[in-house]
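An overview of the molecular structure
In case you want the letters, here they are:
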Amino acid sequence: MTSHGDDALSSRTGAPGGDDRLSEDRSLLQQRLAVRELLDTEVSYLHVLQLCASDIRSRLQQLPQGDLDVLFSNIDDIIKVNSRLLHDLQETASREEEQVQLIGNTFLEFQEELEQVYKVYCASYEQALLLVETYRKEPELQREIQGIIEAVLPQAGPSGLSFLLVIPLQRITKYPLLLQKILENTLPDASAYAVLQRATSALQDVVTNINEYKRRKEVASKYTKVEPLSLRERLARINTHTLSKKTTRLSQLLKQEAGLVPRTEDKEFDDLEEKFHWVSLCVTELKSNVAAYLDNLEAFLRFRPQDYNLEIPGGPVVQYCYLARDLQLQAFPEFKQQLEAQVWQPLCSLAKALAGPQNLIKKRLDKLLDFERVEEKLLEVGSMTYEEEAARHTYQALNSLLVAELPQFNQLAMRWLSQILCAFVTLQRDLAKQVLQRAEDSLAQLPHHHLSEPAFRKLVEDALGQTSHQLHAFQENFEKVLPPPTTQPLLPGAERQVQALLSRYGPGKLYQVTSNISGAGTLDLTLPRGHIVALLQNKDTKGNSSRWLVDTGGHRGYVPAGKLEVYHVVPTEEELRGQARPHKDSQHQTPEPTSAPVPSVPTVTQVVAVYPFVARSSHEVSLQAGQRVTVLEAHDKKGNPEWSLVEVNGQRGYVPSSFLARAPSPAPWGWSLPS
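Notes on the structure follow. Since we're looking at a predicted model, the values are computed, not measured. (Residues numbered from 1 in each chain as written. Predicted model: local features only at pLDDT ≥ 70, side-chain atom pairs only at ≥ 80, totals over all residues. Heavy atoms only, no water.)

Some remarks on the overall build of the protein chain
Note the threshold: Helix numbering and strand numbering both begin at the N terminus, where a helix is a DSSP run of H or I of at least 4 residues and a strand a DSSP run of E of at least 2. Categorising residues by exposure relies on relative accessible area from a 1.4 Å probe, with only protein chains included: less than 20% of the type maximum marks a residue as buried, more than 50% marks it as exposed, and the intermediate range marks it as partly exposed. Note on definitions: a residue-residue contact is assigned when non-hydrogen atoms from the two residues lie within 4.5 Å. Areas reported as accessible are Shrake-Rupley estimates using a 1.4 Å probe. Residue values count occlusion only from the protein chains shown.
From N to C terminus, the protein chain includes 18 helices and 10 strands. Burial status across the protein chain gives 35% buried among its 675 residues. Taking the contacts inside the protein chain whose residues are at least 6 apart along the sequence as the reference set, 68% of them involve residues at least 24 apart. Here the protein chain has roughly 41,300 Å² of accessible surface; of this, 54% comes from carbon and sulfur atoms.

Notes on the pairing of strand 6 (residues 605-609)
We count it as follows: Pairing between two strands is assigned when DSSP locates at least 2 bridges connecting them.
Bridge count for strand 6 against strand 7 (residues 628-633) is 4 bridges, and the pairing is antiparallel. What sits directly across from V608, in strand 7, is R628. Across 3 bridges, the pairing between strand 6 and strand 10 (residues 660-662) is antiparallel. Pairing of V607 across the sheet is with R662, part of strand 10.

Thoughts on the side chain of R364
Short version of the rule: N or O atoms closer than or at 3.5 Å make up a polar contact, with two conditions inside protein: a donor-capable atom paired with an acceptor-capable one, and, for residues adjacent in sequence, both atoms drawn from side chains.
Locating R364 in the fold gives a position in helix 14 (residues 316-380). Polar contacts involving the side chain of R364 include one to the side chain of N399, which spans 2.9 Å. Among residues more than four places away in sequence, those in contact with R364 are D266, F269, Y395, L398, N399 and L402.

What to know about the pattern of salt bridges
Note the cut-off: Salt bridges are defined as contacts in which a side-chain nitrogen from Lys or Arg sits within 4 Å of a carboxyl oxygen from Asp or Glu.
Counted under the stated rule, the structure contains 21 salt bridges. A salt bridge links E340 to K336; the nearest nitrogen and oxygen atoms lie 2.8 Å apart. Of the two residues, E340 and K336 are both situated in helix 14; the distance of 4 residues between them amounts to about one turn of the helix. Classification of E340 as partly exposed rests on a relative accessible area of 28%. Note on K336: relative accessible area 15%, which makes it buried. In the salt-bridge network here, residues are joined through shared partners; they are E298, K336 and E340.

Regarding the nonpolar core
Basically, it comes down to this: Nonpolar core, defined: a set of buried Ala, Val, Leu, Ile, Met, Phe, Trp, Tyr and Cys residues in which side-chain atoms within 4.5 Å join the residues together.
Core analysis: the biggest nonpolar cluster contains 63 residues, and I56, L71, F107 and L114 have the highest contact counts within it. Top element by residues in this core is helix 2 (residues 18-59). It accounts for 12 residues. Ignoring sequence-local partners within four residues, the contact set of I56 consists of L51, F72, I148, I149, V152, L153 and L164. L297, L339, I420 and A423 belong to the second largest nonpolar core, which has 35 residues in total.

Considerations on empty space enclosed by the protein
Note the threshold: Here the term cavity refers to a set of points on a 1 Å grid, laid over the protein atoms alone, in which a 1.4 Å probe fits but cannot get out; the term pocket refers to an open set having protein on both sides within 12 Å along at least five of seven lines, with lining residues being those that place an atom within 4 Å of a point. Grid points are joined across faces, edges and corners, and a volume is the space filled by probe spheres set on the points. Note that Gly is not counted as nonpolar here; it falls among the polar residues with everything else outside the nonpolar set of Ala, Val, Leu, Ile, Met, Phe, Trp, Tyr, Cys and Pro and the charged set of Asp, Glu, Lys and Arg.
On inspection of all chains with the given rule, the structure shows 3 cavities of 30 Å³ or more. The calculated volume of the largest cavity comes to roughly 80 Å³. For the largest cavity, the full set of lining residues is V48, L49, C52, L71, F72, I75, Y121, L161, L164, L165, I167 and P168. When residues of the lining of the largest cavity are traced back to their parent elements, those giving at least two are helix 2, helix 3 (65-72) and helix 9 (161-184). Counting residues per element, the lining of the largest cavity draws most heavily on helix 9, which supplies 5 residues. The residue inventory of the lining of the largest cavity, partitioned by class, reads 12 nonpolar, no polar and no charged. In this structure, the second largest cavity encloses a volume near 40 Å³. Around the second largest cavity, the lining residues are V132, R136, Q142, I145, Q146, S159, G160, L161 and S162.

Notes on a negative patch on the surface
Where we set the bar: Patch criteria: residues need more than 30% relative accessible area and no salt bridge. Like-charged residues are merged within 9 Å; nonpolar side chains of Val, Leu, Ile, Met, Phe, Trp and Tyr are merged within 5 Å. Positive charges come from Lys and Arg alone, negative charges from Asp and Glu alone, with His and the N- and C-terminal ends not counted. The location of each charge is read from NZ of Lys, CZ of Arg, CG of Asp or CD of Glu.
A cluster of acidic residues, E265, D270, E273 and E274, forms a negative patch on the protein surface. By secondary structure assignment, the location of E273 is in helix 13 (residues 267-302). Exposure remark for E273: the relative accessible area of 31% places this residue in the partly exposed category.

Concerning the sheet that holds strand 5 (residues 564-566)
Rules: Note on geometry: axes are lines fitted to C-alpha atoms, helical ones only across the stretch in contact, with angles between N-to-C directions running from 0 to 180 degrees.
The strand order 4-3-2-1-5 describes an open sheet built from 5 strands, whose pairing is antiparallel. Every other strand in the sheet has two partners, leaving strand 4 (556-560) and strand 5 as the edge strands with one partner each. Neighbouring strand axes in the sheet, compared pairwise and without regard to direction, differ in orientation by 50 degrees on average. Sheet analysis places strand 2 (residues 532-537) next to strand 3 (residues 547-551), joined by 3 bridges and oriented antiparallel. Considered in strand 3, the bridge of Q537 is made with L549.

Encoded structure:
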């Protein structure tokens, strides 16, 4: 009976095609084992990832949140993608005959998603390892971390964090090997063979692309770091190698400018760089404007007229003071706080985020010059050194990274910028709504609250027209009372500079800066308001008459002509005292009046300062343009009418009489109802 079975087995194996069938059965068995290995290891891998994301990460609360973000990177995204991948792979088990082909199609469908999530994780892997090394230098912290990991994953062993961090890298590199194993046990003439072949090749491309992306990121991280170096540290980094590189780049650039060698054109990158430049410019301008807005808001909050006695009894003034105090205490400070949190801080973060790409674009230009020089040598000689090949690869890595990621960065920056602008507009709208709500009770008590909107508009127009007439009358009064505009007296310490300019150029060439000037070009000057300069030429080298060439007494350069006015020499305090002091050889106590005396103002009266004045000694007092002033005496102690004794904000002192003008009598307060 045994011999009969052996004869049957030998007859089956010895039959034609028996060996081929046995080989097919063996391959099919190996294929099923490879498929089982793929599914089982995927289940185990996903379980470990979920333990890392839930149990281990939640227990490492002694680590800063920034460290946890680096250590676990985008592990949540990996879990989502691999969970769907595992689900689709397990679904193939119900169709055993087509399972292998379905597995190949599944990996082809997940090719792009796997590459996207794993390249992000791999790019931050080196930084995570640096954190692990720092933890090992703190034994107590290292023991805590190790205890947490061993309690959740005993198989991690003494490697601890290092074991966990490397698991995703090992998995993505193992996919091509697992698919290759299934492919090797699939008959070439099977319908699944071509699909498996494409899937294996696709996963190999994924691994290659991830490695290339990781290399580009490492190159980029080297050049995105902006180190605040002192001049001494910069000089210490200069050596013959850096000088040689910079000289070679400068030579290459000069050759291109002279047209001796062609310049590499990259239309795609140039368009991206231009868009990035405009985004960066918008962020810079907006940051400057918001900073000025916050400064003005701070100045507005410091100005509290409601805290002073306005000497206007009853009526709308009391209601205004009540409303203003309410807004100053709560609404405006809350608005300022929200503005800083929702607009200013995100704007600063966006500006900081632009620094990295800006530095990369700058470095790309340097590496492009190196690349062009190596390409020229390669055409001429046919070979290059290891260092030249490294420079060539560095440029290619930088350029590829910028071309791939700059569009995404531009879109993200524009979205970020639009959100900041929307937040700013929303805060303004909410503030206006809040002010109107708080003002409802006060508005209901105003005498004109019952008016219809057209009647109220008419009332406002009439009131504004009346105020406009008062302003015109005020201006005409100034023109009648005041002599031609007198220049602001000099700030302390400027007399010597003015005397030097006077002796060199004469009084006809001296001008005074009317507002602060910030030079934008290399030949433009930056000057404060009130600075004295001498005119050298009333146009620039291109014949532009709006830019004048001036001399400050130490520097020469261009300033806007619209910010200069003719300087009238103001007598110093000693000269004024000399005019009032009796001369030794004269019996008169005061000098003869000049042909055009400066008009004086009445004694003990309210006037307005027309021009700002800066006190130069303890006997004088400073003024702001438009400030109300009380005149105590319309002359000095010697009877000189050019100086008046005044009181401003509780301080007494002398000011030039020509800086003062009589204010017109104010109109009745408030709006009167139409009769």
